[in-house]
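Residue-level structural notes
What follows is each chain in one-letter form.
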Amino acid sequence: MNIRHLTRLFLISCGFVLLGCSQEQEEDQSEVQQSFLQQSEQIAMMGETQFPEIIGVDIPGAPKLQQPMLVMAGDAPVLTEKHGLAAPALWDWNGDGKRDLLVGEFETNSGENFPMSEEGSTVRVYLNIGSDNNPQFTKEFEWARDTAGTIMEVEQWCCIGFTPYFYDLDDDGYDDMITGQYHPGEVTWFRGNEEGFLPGVKLPQEGNPEAAWNPMYLELTENPEEAVIPDPIETFDYWVYSSASMGDFDDDGDYDLIFGGNALKISKNIGTKTEPQFGRREILLDVNGKPLTIGAIATDEDIEGWAQTSTVSLAGDSKTSPYVVDWDRDGVLDLLVTGSYRNEGALAVAFFKGVKVDGEHRFHPAVDLLATEDGSKALPGSGPRLYVDDWNLDGTPDLIIGASVATVNDGQFSDELSWEWEGTNSVESAGKDPGRYPPREKPTREAFLAQYEDTGGWWETEEEFDEFFQMQVDYWQQTVGVLYDTGREHWLTMRHQGRVYVMLGTEPDDADTADTQLPTPKSDKNETSRVDKESKLPVKLELVVPEKVELGSTAEVSLAIDIKEGWYIYAPTGKNAEQGMKETKVSFTLPENIQQLGKVKMPMHQFKGSYDVFRGSDLAVIQKIGTEDSSPGEYTIESQVTYQTCNDDICLPPKTVELTAVLLVASN
């Protein structure tokens with residue numbers, strides 16, 4: 001943001017008494033604005049650009065938000081690294097009476113990789129060396145530590161990171177810290193005391209947060225229509241992406257949990273004020289009785305089959321993150337919700353006005369809190385996270401936003417990648433950056449042939465190899481080569497970094513005479529459903545054996561893999577495991593009198609960025625067998641398959657499946 005633009009915004013926001021700024025407010029605003037003005041020359045040198053004009057929306061009782069301002073740490077931006085998500089919060093960390101800036105970040109650190117200490121999903125603390133009403137932060141940060149001196153860390157498999165929020169959960173007079181988790185769907189509770197925060201424990205919840213049943217498993221059953229479908233609480237979609245915030249929604253004096261993910265949900269406190277325990281998650285509804293959504297409205301069929309027979313996101317985005325706040329200050333809790341913010345038309349921040357309907361908490365449909373005049377992105381990057389506090393202590397709430405921006409060439413802010421939609425640019429969101437996991441060189445025949453040496457070499461015809469190899473070259477050209485051809489090879493150095501922005505709030509001009517009707521959502525929202533009319537199950541597996549094999553002959557048994565377009569599984573090349581992904585493992589178990597001839601032959605893999613993947617609808621893992629020592633009869637062949645399925649938006653948990661088929665050996 002340049003000085004001229006920021007000065008103009010300041011004059012509009014508070015420069016004239018007619019706009020309702022008192023002398024005291026004007027002085028407070030001026031001090032903070034001047035601080036940002038002094039930093040703007042440094043920002044310009046770093047390639048940061050001014051923001052588009054955010055017209056927002058008039059919400060009776062809610063603050064009017066000024067343009068975003070980048071938060072600095074010394075002469076550089078406050079930032080996070082690792083996978084680049086940023087979850088900001090204000091908290092007096094060192095007890096000096098001034099709120100410091102905490103920024104949660106994300107690293108894959110689940111399973112045997114947990115804990116990873118400072119390398120994991122942790123919290124950076126930037127100490128405030130300014131004043132409490134004009135924060136200025138140290139250039140260097142420290143890691144947040146619990147009372148045992150251990151770096152505070154939460155286990156994350158994917159896409160959320162440590163998101164610190166503060167509530168006095170046990171009513172002991174000390175605020176506690178919580179953060180959600182991707183999967184298992186735990187919420188970690190760091191109890192507060194006079195010395196800081198105790199080591200984290202898991203909040204008690206009804207159900208098993210490790211539950212991972214998915215509708216895709218229906219396809220693996222012999223008769224899907226007869227399959228026993230579990231209760232939603234036993235499914236992956238119920239627990240995945242447990243981004244968590246809190247508020248008292250049933251007016252009983254204790255905190256309830258609000259969850260995001262592919263559906264916005266509430267889990268009421270069924271314990272006590274001092275010993276919280278949380279019940280079954282229920283879908284949050286709007287005043288029309290429909291699930292809350294920041295995108296398209298799901299069909300009645302998908303709502304009814306959520307997590308059981310349908311994989312459609314009821315929230316219009318599978319990565320929603322809620323923040324509970326009474327934004328319009330009417331005494332009823334509202335929600336501010338963010339999503340992946342990847343695709344054109346996505347809302348940067350969705351506002352859901354809370355109301356009471358027949359004693360139940362309901363919400364008006366979403367409105368775009370940060371609408372821009374020309375419909376462009378309001379914020380750079382993707383995956384925003386929110387926090388509300390009075391940044392400058394002027395009595396009006398302010399909005400603090402963490403965003404995952406794209407940088408190139410060792411940390412240079414990229415306008416072309418951060419201000420364009422990631423979906424439009426066809427680049428990955430935080431977690432799979434090419435700058436961290438470099439894509440391979442252009443494929444060569446020699447390199448591809450070498451990959452099959454351990455399994456006896458390429459077993460199909462040379463013409464088939466040439467055809468498949470050319471597909472890999474073409475794919476490389478479409479995804480990597482084109483960047484060199486168009487002068488965008490610097491995109492291959494892309495790394496996401498977290499940035500923090502502040503939007504100062506001012507009081508509404510006409511708070512006493514404002515229309516009490518909530519603004520009407522855009523007419524093109526929620527009118528269509530993103531429903532895939534084809535199968536919603538991304539992977540089909542089938543153990544295939546010949547109808548019969550003559551005694552003494554050889555044959556092939558195979559695992560047929562059919563992967564829905566847009567999805568992929570990881571090839572067993574070792575390259576994926578190095579990056580924390582579960583590689584596909586296939587084994588065949590043969591009866592004693594059936595011989596295994598040679599090694600298992602895997603299909604030709606493709607590559608996606610730095611990953612080796614299988615995708616497509618005609619894949620086969622082949623095992624050659626012999627029947628020389630057999631007798632006529634039926635033999636049971638077994639196959640065990642372990643794999644992890646992903647698309648560009650989400651990864652399902654690794655899954656192990658056992659399949660059986662009967663092989664008939666016939667006499668000559």
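Up top you'll find the structure we're talking about.
The rules we used
Residues numbered from 1 in each chain as written. Predicted model: local features only at pLDDT ≥ 70, side-chain atom pairs only at ≥ 80, totals over all residues. Heavy atoms only, no water. Phe/Tyr/Trp six-rings, centres within 6.5 Å; stacked < 30°, edge-to-face > 60°. Helix = DSSP H or I, 4+ residues; strand = E, 2+ residues; numbered from the N terminus. Lys NZ or Arg CZ within 6 Å of the ring centre and 35° of its normal. Disulfide = S-S within 2.5 Å. Buried < 20%, exposed > 50% of the residue type's maximum accessible area, 1.4 Å probe, protein only. Polar contact = N/O pair within 3.5 Å; in protein donor to acceptor, adjacent residues only side chain to side chain. Contact = heavy atoms within 4.5 Å. Pairing = 2+ DSSP bridges. Patch = residues over 30% accessible without salt bridge, like charges linked within 9 Å, V, L, I, M, F, W, Y side chains within 5 Å. Areas by Shrake-Rupley, 256 points an atom, 1.4 Å probe, with all protein chains shown as cover. Salt bridge = Lys/Arg side-chain N within 4 Å of Asp/Glu carboxyl O. Lys, Arg positive; Asp, Glu negative; His and termini not counted. Charge placed at Lys NZ, Arg CZ, Asp CG, Glu CD. Core = buried A, V, L, I, M, F, W, Y, C linked by side-chain atoms within 4.5 Å. Axes fitted to C-alpha atoms, helices over the stretch in contact; angles between N-to-C directions.

Side note on the packing of aromatic side chains
- This model, assessed by the stated rule, comprises 21 aromatic pairs.
- For the ring pair Tyr126 and Phe141, a centre distance of 5.8 Å and an interplane angle of 50° mean the geometry is tilted. In this pair, Tyr126 is assigned in strand 8 (residues 123-126) and Phe141 in the loop between strand 8 and strand 9 (142-143), connecting sequence segments 15 residues apart.
- We note Arg191 situated over the ring of Trp189; from NZ or CZ to the ring centre the distance is 3.8 Å.
- The ring of Phe259 carries Arg281 above its face, with NZ or CZ at 3.5 Å from the centroid.

What about the state of the cysteines?
- Under the criterion given, the structure shown has one disulfide.
- Across a sulfur-sulfur distance of 1.6 Å, Cys158 and Cys159 are joined as a disulfide pair. Just as Cys158 is buried, Cys159 falls in that class too.

Re the side chain of Asp368
- The topology assignment puts Asp368 in strand 25 (residues 367-368).
- Take Asp368: its relative accessible area is 15%, and that puts it in the buried class.
- A polar atom in the side chain of Asp368 sits 3.2 Å from the backbone nitrogen of Leu370.
- At a separation of 3.5 Å, a polar atom in the side chain of Asp368 contacts the main-chain amide nitrogen of Ala371.

What about the environment of His490?
- Counting through the fold element by element, His490 comes out in the loop between helix 8 (462-485) and strand 29 (495-503).
- His490 sits 55 residues away from Gly435 along the chain, and the two C-alpha atoms are 9.3 Å apart.
- Filtering out sequence-adjacent residues up to four positions away, His490 remains in contact with Val408, Asn409 and Glu416.

Thoughts on the pairing of strand 20 (residues 321-325)
- Burial of strand 20 is extensive: five of the five residues sit out of reach of the surface.
- Burial of the side chains of strand 20 extends over both faces: Ser321, Tyr323 and Val325 are buried on one face and Pro322 and Val324 on the other.

A word on the environment of Glu118
- Note that Glu118 resides in the loop between strand 7 (100-104) and strand 8.
- Accessibility expressed as a relative area gives 38% for Glu118, which makes it partly exposed.
- Separated by 33 residues in sequence, Glu118 and Ile151 have C-alpha atoms that sit 6.6 Å apart.
- For Glu118, the residues in contact, after removing those within four places along its chain, are Lys82, Trp143 and Ile151.

Here we look at the sheet that holds strand 12 (residues 188-190)
- Spatial ordering of the open sheet is given by 10-11-12-15, a layout of four strands whose pairing is antiparallel. One side of each edge strand has no neighbouring strand; the edge strands of this open sheet are strand 10 (165-167) and strand 15 (201-202).
- Sheet topology note: the strand 12/strand 15 ladder contains two bridges and is antiparallel. Counted as the bridge partner of Trp189 is Val201 from strand 15.

Details of a negative patch on the surface
- A cluster of acidic residues, Glu460, Glu462, Glu463, Glu464, Glu467 and Glu556, forms a negative patch on the protein surface.
- In terms of residue count, the dominant contributor to the negative patch is helix 8 (four residues).
- Structurally, Glu462 can be placed in helix 8.
- Given the relative accessible area of 54%, Glu462 is considered exposed.

Regarding the nonpolar core
- Ile178, Trp327, Leu336 and Leu370 are the most contacted members of the largest nonpolar core, which has 72 residues in total.
- Top element by residues in this core is strand 27 (residues 398-408). It accounts for five residues.
- Residue contacts for Leu370: discarding those within four places in its chain leaves Ile54, Gly56, Leu65, Ala348, Val349, Ala378, Leu379, Ile401 and Met503.

Looking at the sheet that holds strand 33 (residues 554-563)
- Taken in spatial order, the four strands of this open sheet run 31-33-39-36, and their pairing is antiparallel. One side of each edge strand has no neighbouring strand; the edge strands of this open sheet are strand 31 (539-544) and strand 36 (595-601). The mean inter-strand angle of the sheet, taken between neighbouring strand axes irrespective of direction, is 15°.
- Examined bridge by bridge, strand 33 and strand 39 (residues 619-626) share eight bridges and lie antiparallel to one another. Pairing of Thr554 across the sheet is with Gly626, part of strand 39.

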